[in-house]
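# Working through the structure, step by step
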Amino acid sequence: MSDALAHCHRGVRALRSIPAWNMCQLAQPVQSPVGPVVCMSSTPGAPAGTSANAPASADRQQHNAQQAAEFGRADVVKEFQSPLPDTIQQRLARIVQSVPGMGPSSRVIDVGSGTGCLIPHMQARGTKDILAVDLSAPMLEELRRRYAASLGHLGNDLGVRTWHGDIVDLPNYLGWAADAAFFNGCFGNMHDPRAALLRCALMLRPGAHIVVSHPMGREWHGQLAKQQPQITPHVLPDRAGMEAIIQGLPLKIADFVDEKDLYIAVLQIPEKYAIPQAPLRFGGKVVTGFGRGSRQMGTPTANIDPAPLEQVLAGLPRGVYFGWARLDAAHDAGWSEDDLQVHKMVMNVGRRPTVNTGDEAATVEVHIMHRFEQDFYGQNLKVVALGYVRPEMRFTGGLPELINRIRMDIAISRNQLEDGHWKAYANDPHLSL
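Residues numbered from 1 in each chain as written. Predicted model: local features only at pLDDT ≥ 70, side-chain atom pairs only at ≥ 80, totals over all residues. Heavy atoms only, no water.

### Considerations on helix α9 (residues 193–203)
Most of α9 is tucked away: ten of the eleven residues are buried. Regarding α9, the residues found buried are P193, A195, A196, L197, L198, R199, C200, A201, L202 and M203. By the N-cap criterion, in which a side-chain oxygen at the helix start approaches the backbone nitrogen of a residue two or three places on, α9 is capped by D192, the distance to R194 being 3.2 Å. (Buried < 20%, exposed > 50% of the residue type's maximum accessible area, 1.4 Å probe, protein only. Helix = DSSP H or I, 4+ residues; strand = E, 2+ residues; numbered from the N terminus. Polar contact = N/O pair within 3.5 Å; in protein donor to acceptor, adjacent residues only side chain to side chain.)

If you want it as structure tokens, here you go:
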């Protein structure tokens, strides 16, 4: 047990009863906060928005209730009020400094914020728009006491805001297009760490960073996880373990620090959602799908026979991609000039888990953002895939939730393809007739 931790908790009882991540939540009170605090809330564990492949809600609710109870105890909150030693503050500063480019215009989510130990270091970088998310209402109450200039406004002014609930349930309007999310000292306490990362990856802007950290290091945290697995069910992964966790997610490891007394894993959503294989060029014959009613849902798709594409698509995660497509048909076959132009497309590669009624084969479904004058079964379709939006997901809300997410995928893809870098690929030679 480190001297720094002993100073933080001031006593053997505290060291034995309070989980590892508590010590990193203790923050010195700030006398002059950058801005006001707004308080928002969601019942811990209650479903809201995309399920993000979260495990069974009853299990998650029970887990979250246990976490909220543990970290809502008066004696635990009191421990969080103790100041941290300078050595720990220096590590916290280094954690915040791991995200490049943070400044006055940045929007940041502090997951498992506790009483806000990272906030002074975020503010030191000029960051004003900070959303603190935690399952413990008493922790957030203490955070608001420390940083709030006023309550009761609509949140239009930049400042610290709070949201009571699970990051998996955070509404899009609160976290959309944020620049960074921090999981400091709380990653091991998550019910499903991968689902938490996915939720952030779906909200943050392309190029944004997600930081998983602990100021006492991975080895220290692992020992504590062994002592109280009911509170800390997961250990911090090494680099290979983190690679396994994010496999299939639109994330990559940008930096990884695994020192004895400090753990920092910096993940990044690729700039412009770019896939390493971009531009990925392929094509194939349009075949009949499974009759899932995509046209009736407002998102008609062209199903390309996946069998000849096995090598081309090898290694691609199942999920949603965007790029450009063109119908490879003759001008004299009744097609209009508009039908034969290059069009924006969004594509799903996978098994459609929300609507799959059995062990159906994987498909390549291309939604072309153009209204064709006739069906084109049996015709060839040329595709240039450029970016990866998200993995394939099972939506617990059924078709309505699936349709909402598909519409969001289309909107994201349409917007990305207006970027000059991606727009240039509309003239790719592969798409010529």
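### Points about the confidence of the model for the protein chain
Counting all residues, the mean pLDDT for the protein chain is 84, and 80% of those residues have values of 70 or more. The model gives residues 1–37 a pLDDT under 50, and that stretch makes 130 contacts with residues more than four places away or in other chains. Predicted confidence is poor over residues 149–153, with pLDDT under 50, and the contacts of this stretch with residues over four places away or in other chains come to ten contacts. (pLDDT = per-residue confidence, 0-100. Contact = heavy atoms within 4.5 Å.)

### Observations concerning the nonpolar core
Core analysis: the biggest nonpolar cluster contains 58 residues, and I109, I167, F183, L197, L204 and M242 have the highest contact counts within it. The element contributing the most residues to this core is α9, with eight residues. Beyond its immediate chain neighbours, meaning those up to four positions away, L197 contacts F183, F187, I210, V212, M242, I245, I246, L249, L251 and L267. Counting 28 residues, the second-largest nonpolar core is a separate cluster that includes I88, Y147, F182 and I264. (Core = buried A, V, L, I, M, F, W, Y, C linked by side-chain atoms within 4.5 Å.)

### Observations regarding the pattern of salt bridges
All told, the structure shown has 18 salt bridges when counted by the stated rule. As a salt-bridge pair, D75 and R73 come within 2.7 Å of each other at their nearest N and O atoms. Residue classification places D75 among the partly exposed residues on the basis of a relative accessible area of 29%. Judged by relative accessible area, which is 28%, R73 ranks as partly exposed. (Salt bridge = Lys/Arg side-chain N within 4 Å of Asp/Glu carboxyl O.)

### Some details on the sheet that holds strand β12 (residues 343–350)
Backbone-to-backbone hydrogen bonds pair the strands of a sheet. The strands run either parallel or antiparallel. The strand order β9-β10-β13-β12-β11-β14 describes a closed barrel built from six strands, whose pairing is antiparallel. Strand-to-strand twist across the sheet, computed as the mean angle between neighbouring axes with direction ignored, equals 45°. Note that strand β11 (residues 319–328) and β12 share seven bridges and pair antiparallel. When the sheet's bridge partners are listed, G323 is paired in β12 with M345. Contacting β11, β12, β13 (363–368) and β14 (380–391), helix α12 (residues 398–416) crosses the sheet at an angle of about 105° to β14. (Pairing = 2+ DSSP bridges. Axes fitted to C-alpha atoms, helices over the stretch in contact; angles between N-to-C directions.)

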